[in-house]
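Analysis of the macromolecular model
What follows is each chain in one-letter form.
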Amino acid sequence: MTLYWSVLAAAVVTSLVGQILLKAGASAANFLSQLFDPRTMIGLCLYGGAALLYIVALRRIPMSVALPCTAASYVAAALIGHYGFAEPLGSVHIGALGLICAGVVVLALA
């Protein structure tokens, strides 16, 4: 069972790296340039890889548990967006992230 939790963690990290690369590719001048930017293409591949890892994790982890665990990436994405891409992170954002974390904890304990 530990293997499947490790696979789920790998899926979350892979998806997060894909999101970061998609954001980095968004600086292209137009949509076609963005679509064919190497960062965007690698990000899309990582997203696909994350989906495959998630499918493997679902073989032993209930979806009602696995999916909320992926919400951890929302918190990391918000922090990376703020510190890496100068996106806003105000009190409303922080409160919403706190609610996400609380929800994940509640589901984990249920």
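Re empty space enclosed by the protein
The final tally for this structure, using the stated rule, is 1 cavity of 30 Å³ or more. Approximately 40 Å³ is the volume found for the largest cavity. Along its surface, the largest cavity is lined by S64, V65, P68, C69, V104, L107 and A108. Elements represented by at least two residues in the lining of the largest cavity include exactly α4 (63–69) and α6 (91–109). Its residues placed into classes, the lining of the largest cavity shows 6 nonpolar, 1 polar and no charged.

Notes on the confidence of the model for the protein
Reading fine detail from the predicted coordinates is not recommended where pLDDT is low. On average, residues of the protein score 92 in pLDDT, and 100% of them reach the 70 mark or higher. The lowest-confidence element of the protein is α4, averaging 87 in pLDDT; the highest-confidence one is helix α3 (residues 38–57), averaging 97.

Details of helix α1 (residues 2–25)
Counted at 1.5 Å a residue, the expected span for α1 with its 24 residues is 34 Å, and the 35 Å between its end C-alpha atoms agrees. What α1 keeps buried is the set Y4, V7, L8, A11, V12, T14, S15, L16, G18, A24 and G25. Check the buried side of α1 and you find it contacts α2 (31–35), α3, α4 and α5 (72–85).

What to know about the pattern of salt bridges
Enumeration according to the criterion identifies 2 salt bridges in this entry. Two residues, K23 and E87, come together in a salt bridge whose shortest N-O distance is 3.1 Å. Of this pair, K23 sits in helix α1 while E87 is found in the loop between α5 and α6, placing the two residues 64 residues apart along the sequence. The closest approach of N and O atoms between R39 and D37, which form a salt bridge, is 2.8 Å. Judged by relative accessible area, R39 falls into the partly exposed class, the value being 33%.

What counts, and where the lines are drawn
- Residues numbered from 1 in each chain as written.
- Predicted model: local features only at pLDDT ≥ 70, side-chain atom pairs only at ≥ 80, totals over all residues.
- Heavy atoms only, no water.
- 1 Å grid on protein atoms, 1.4 Å probe; cavity = no way out; pocket = protein on both sides within 12 Å on 5 of 7 lines; lining within 4 Å.
- Points joined across faces, edges and corners; volume = space filled by probe spheres on them.
- Helix = DSSP H or I, 4+ residues; strand = E, 2+ residues; numbered from the N terminus.
- Nonpolar A, V, L, I, M, F, W, Y, C, P; charged D, E, K, R; others polar.
- pLDDT = per-residue confidence, 0-100.
- Expected span 1.5 Å × (residues − 1).
- Buried < 20%, exposed > 50% of the residue type's maximum accessible area, 1.4 Å probe, protein only.
- Contact = heavy atoms within 4.5 Å.
- Salt bridge = Lys/Arg side-chain N within 4 Å of Asp/Glu carboxyl O.

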